[in-house]
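The residues making up each chain are set out below.
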Amino acid sequence: MKNKRMFGFELVRGAAAILVALAVGTVFIFLSSDEPMTALRYLLIGPIVSLKNGVASFNTQGFYTILAAMIPTIFTGLAVCVMFSSNQFNLAGEGIVMVGGFVAALCGIYIHMNTSWHAVVCIAAAAVIGGIIMLVPALLKVKLGASEMVTSLMLNYICMYLVLHFLNYNFADRSKGSTQTYAFADTAKIGSMVPGGSKLSWGFVVALVFVVIVALFMYRTRWGYAIRMIGINQAFSKYSGMKVGGTIVLAQVIGGVLSGMGGGIEVLGRYSTFLWKELPGYGWTGITIAILAKNNPWLVPLAAFFIAYLNKGCTLMATYSDVPSEMIDIIQAAIFLFFAAEQFLSGYRQKIVVRAARADLAKEAAEAKGGAE
Amino acid sequence: MEQNDIIVQMKGITKVYPNGIAANQSVDFSVRRGEIHALMGENGAGKSTLMKMLFGLEQPTEGEIIVNGQKVSLTSPTVAIAHGIGMVHQHFMLVPSLTVAENIVLGMVPKKSGLFIDYKKALEITREYSEKFNLAVNPDAKVMDIPVGMKQKVEILKALIRGAKILILDEPTAVLTTQETAELFKELIHLKEQGYTIVFISHKLNEIKQITDRLTIMRGGKSMGVYETASITEQEISRLMVGRDVVLDVEKDEPHPTDVVLSVKNLQYTNEWNKRMLDDVSFSVRKGEILGVAGVEGNGQRELVDMLFNLNRPDGGSATVNGINIIGMPQYRIRDLGVSLVPEDRMTYGIAEAASIEENVISDRFTQKRFNKGPMFNMKAIHAESDRLIEDYTVLCKSRKQKVKMLSGGNIQKVVVAREFSSNPTLIIADQPTRGIDVGATEFIRKKLVDLSRAGAAVLLVSADLNEVMELSDSLIVLYGGKIAAYFEDTSQLDDIVMGEYMLGLKRQSDEEIGRVCHEE
Amino acid sequence: MWSQLFDTIFKAEFLFSVIRITAPILFAALGALIAEKAGVINIGLEGIMMISALFGVLFSYWTQSWLVGVIGALVVGILLGLMMGFFSLKLKTDIILAGIAVNMMGSGGTIFLLYMFTGMRGNTGALVSPNILIPTVNIPLIKDIPVVGEILSGHSVLTYVAFIAVYLIWLLLYRTPVGLNIRAVGENPNAASSVGVSVLKMKYIAISISGALAGLGGAFMSMYYSQGWNSGMVAGRGFIALAAEAMGRCEPVGTMLSSLLFGLAQALRTKVSGLQGVSSYLVSLIPYVVTILGLVVYAASTLKKVKKIKVQKAQSEVQK
């Protein structure tokens, strides 16, 4: 009775939240730019529409670039979906992405394989290391009750500095101007899916494959089910006979595996050496994506596309007009605040619920009357 | 007797909740100035609801309240306090890390230099009131460090300091030891002598007899009358308090109990407030029988059920299912032994309300082979199972995908029992299985329990509903004060009066008679 | 290397730097403390520090007065706190998500705001001049005491404010009616509302003060410590402050002590990284590793305490 209507309402509410967030961004654009309309145009349609000599056309390369940008964030988005589903605010995706990328790069350089299984091995290593690292905040939470939020935040910095240390001291290619590793073998690279400079590697396909895998895992396996139930009501899950501690750790480890994989695939797909000098930021984006997708893996690609689109728009805006690209953070923050606000537009929800209840009562009364006669 | 001075009068009070349950029906209740008046009744009789309305926590659906001769509308506790009504709740409203004095003056803190707490003044006020009312408290001690008896005194002082002339005490002795109770009574009499009026909610006969002047008995939401304490006997009170207007007729075959399934021996438990909640409790439940656990709530039932499902640990004693000790066993292993629990707190333990009916109904069996094909769920099998359960248990819903929180209370409970009853249990522990749900669901669940029992399950039924525990059980034990007060092998011969006497502690069987509930050897 | 290390640590100069480094962490940790006392978790401290730091520099530049800059940063902190309060208390956004949102605003949004207000990108190098930085104070008598004087005198005004704030917060929480209400609301909101204390109002007050403190911490960073604003300067201090507050057992003095511990870790890192043959990266790890270890120790000891109580109770039962 109420399910469909509530779903429709939630959709509207989500859309409204996004619109409000964009409106907030627009306000800032108008405040800061000398040519707001141009900036806005670059932001909103720039990513896939290019104007050459006054003729608008679909910018295929731009479209591919957006898809390429989605690759790491789909993975981190999936990771956060799984971790948040178990009701753990684990924010370590950031650091693990960097570690994953580094490990994959090292495997690409120092492990010698001649087949294209090389890339698979590198990424697998990244995934495994990611999962192991995630054991730290997970076990500390489950065994000692230590806040996974603080430990995971600290872990991000630890990961970053460890990678930077090894990068600078042990694995740097001294012949190059900026700090980076040696180039990894071609067999380790992930090839491009399409011609042109979009960097859309086959990693995109892998990402989509994992969307399916994670979605099926969460909704169609006993482990995913347990993770979700524990996130909804831990007491109930324990009483029903689920092993709560182990499942929570499992969810975090999966998050680590996915984040590590994302980092590895991104590095091997986009670059030829490892050259990140700081945390790449995919972890935080992953959180935004998970929130937009309401922890539903099926919706992650859509949310990732939306964020990548906006990101591209902000970059274009920064390049061709005078608005800094960091606008994306302001929009993301606004999305966070409004999208996750339960009481946003709650007044309308109340009205809908009351209207629906009245309609149901009227229906029942009519049926009762009809039956009695 | 003097006809004088009615300080509080509640006329024709009716309270109907949105879900249709009538907690109070046309209740008349009046209190004379300066008396100690007991409000008595079993759980669910409506006495707490009535007093909540007197303290402004709820509003009556019909009826009026007159305080000091004035008709009043008590829309909130602040309004009630302004009319001189104070309430000491069963669960204390105190801030543990604050001192006694700070708790007492919270919200009306004396200030010095406009900015700071005049702590000395707060201590002074506390001491002043403490001495005036003979309620000994340690003003400087943190509330988390003081004993329960003193916590209660702090609550009383809180009410008095805010100008209460009428004190409502909700089951005040539930958390007190015998000595603390005696102290409390001394203080209450002292207050009465100073002209204060006290309403004392309780179901403990001996206490009522000790200090009250008059008593009002409630049963099933209605008032059974007001009586002078001195001129009514405990038996008469018991008869009025514990009784059924309509006796439930449950059709069931004769029980043929066989082997012992659950064997509880010498269970002991003293809670964090040093109250002995379980005192050497021993009983057993056999296959094919429904053993009821009767008693007014607060006599150890809660603790007993918690121990059996590892939500709490006893200080001593054992509990075995088919010979295997279940004390301290993780829940998934208890379930593996064939034990099911219908919990009292269904929203916390019984269901995950944001999840679907299907997800709720398979939560104890989703790892089984028949529901899994390799790593994946066998969705067909799971759908078939949930559909079957929804049908068998007549859960009224749109589909198995509907979120449980959308269902009515009765249907939510049906989801719980659909899961718990269908796992082919050897032992079913049902804790208040039909509380707060509609008639249809109630009848259904009760019938299912009987069917399961006759098919061979052992059933432990804990219920504060007299009808339920008397008519549904084949045999029953009565818990009073953490001990078993009686064992009745054949409930069909029981009458309300006898039940009342055991439930209220007027009578106790001999150890030998009680010992017959242990069926081993 | 070790002798070099010991040489540097036991010098007054080092202890001076510890105090200096602790101050911003302390501000943020006190902010976390007062929010938690009211039952509100403020993880947006990092973001608030970043944004307030920026506005501190901007305000001081526009008015050429450091005092206005500091006050501006404080006010911005309060506004951000109120905003978090509004979203979490009124619109029911999870307070943790609200905090993450503020952190996002703090990391990228600040660069944007800097551009919006000044047209500059990345840092405020050109804006800052010595006269608008927070001045240092040489305390008259104390500065002449050997060793101690070197350690204690000569800090910036805000450094002293940070440590005085420990006392002030203590005073607020334990000696004023507002503080009493805040503590009551955080521990047992039912008890508080039953005596007429407005739970919402107290939470708003607490989160505003929390934002104000973080704001001061931000001002400290940009107007004294780093002498200018740049986008990487807070570097997780807001998060370390959370750990410091947790380890401080939710008490002002404890919070100060654990903040000092983390300040020590960071000071060590600065000192050690100057030494030969030591990787600055490994050294940068120190504060974060110390934080996790500190949390582990704290969590383990709390667990032990709970177990001990259970065992004690069981034993006393046996003795009966």
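A. Up close: the overall build of chain C. When you go through chain C residue by residue, the secondary structure sums to 13 helices and zero strands. Each helix (α) and strand (β) of chain C, taken in turn from the N terminus, gives the series α-α-α-α-α-α-α-α-α-α-α-α-α. Each of the 320 residues in chain C was classed as buried or not, and the buried ones make up 52%. For chain C, restricting intrachain contacts to residue pairs at least 6 apart in sequence, the fraction spanning at least 24 positions comes to 73%.

B. Spatial organisation of the confidence of the model for chain A. Across chain A, the average pLDDT comes to 85, with 90% of residues at 70 or higher. The least confident element of chain A is helix H14 (residues 346-372) of chain A, whose mean pLDDT is 65; the most confident is helix H8 (residues 222-232) of chain A, at 95.

C. Looking closely at the sheet that holds strand S12 (residues 222-228) of chain B. Residues and elements named next belong to chain B. Pairing in this open sheet of six strands is mixed, and the strands run S6-S9-S10-S3-S11-S12 from one edge to the other. The outermost strands of the open sheet, each flanked by one partner alone, are strand S6 (85-88) and S12. Across this sheet, the average inter-strand angle for adjacent strands is 20°, counted without regard to direction. Where strand S9 (residues 166-170) meets strand S10 (residues 197-202), five bridges bridge the pair, whose relative direction is parallel. By the bridge assignment, Leu-169 is partnered in S10 with Phe-200. Against the sheet, helix H5 (residues 148-161) touches S6 and S9, its axis set at about 165° to S6. Packed on one face of the sheet, helix H8 (residues 234-241) meets strand S3 (36-40), strand S11 (214-219) and S12 and runs near 30° to S11.

D. Seen up close, the interface of chain B and chain A. Each partner contributes residues to the interface: chain B has 23 residues there, and chain A has 18 residues. Elements with a contribution of two residues or more to the side of chain B that touches chain A: helix H10 (331-336), helix H11 (346-350) and strand S20 (376-377) of chain B. Ranked by residue count, the leading element in the side of chain B that touches chain A is H10(B), at three residues. Its residues placed into classes, the side of chain B that touches chain A shows 13 nonpolar, six polar and four charged.

E. View of the packing of helix H4 (residues 66-90) of chain C against helix H10 (residues 199-225) of chain C. Residues and elements named next belong to chain C. Relative to each other, H4 and H10 sit at 140°, their axes nearing to 6 Å. When the interaxial angle is binned, H4 and H10 end up oblique. Crossing hand, H4 versus H10: right-handed. Split into classes, the residues belonging to the contact of H4 with H10 amount to 18 nonpolar, nine polar and one charged.

F. Up close: the interface of chain C and chain A. Each side of the interface is counted separately: chain C has 41 residues, and chain A has 39 residues. Elements supplying a minimum of two residues to the side of chain C that touches chain A: H4, helix H5 (95-118), helix H11 (237-247) and helix H13 (280-319) of chain C. Here the side of chain C that touches chain A takes 14 residues from H5(C), the largest share from any one element. A breakdown of the residues in the side of chain C that touches chain A according to their chemical character gives 29 nonpolar, eight polar and four charged.

So, how was this worked out
Residues numbered from 1 in each chain as written. Chains lettered and ligands numbered in written order. Predicted model: local features only at pLDDT ≥ 70, side-chain atom pairs only at ≥ 80, totals over all residues. Helix = DSSP H or I, 4+ residues; strand = E, 2+ residues; numbered from the N terminus. Buried ≥ 20, exposed ≤ 12 C-beta atoms within 10 Å, placed from the backbone. Contact = placed C-beta atoms within 7 Å. pLDDT = per-residue confidence, 0-100. Pairing = 2+ DSSP bridges. Axes fitted to C-alpha atoms, helices over the stretch in contact; angles between N-to-C directions. Nonpolar A, V, L, I, M, F, W, Y, C, P; charged D, E, K, R; others polar. Parallel < 35°, antiparallel > 145°, perpendicular 65-115°, else oblique. Left-handed = near helix turned anticlockwise from the far one by under 90°.

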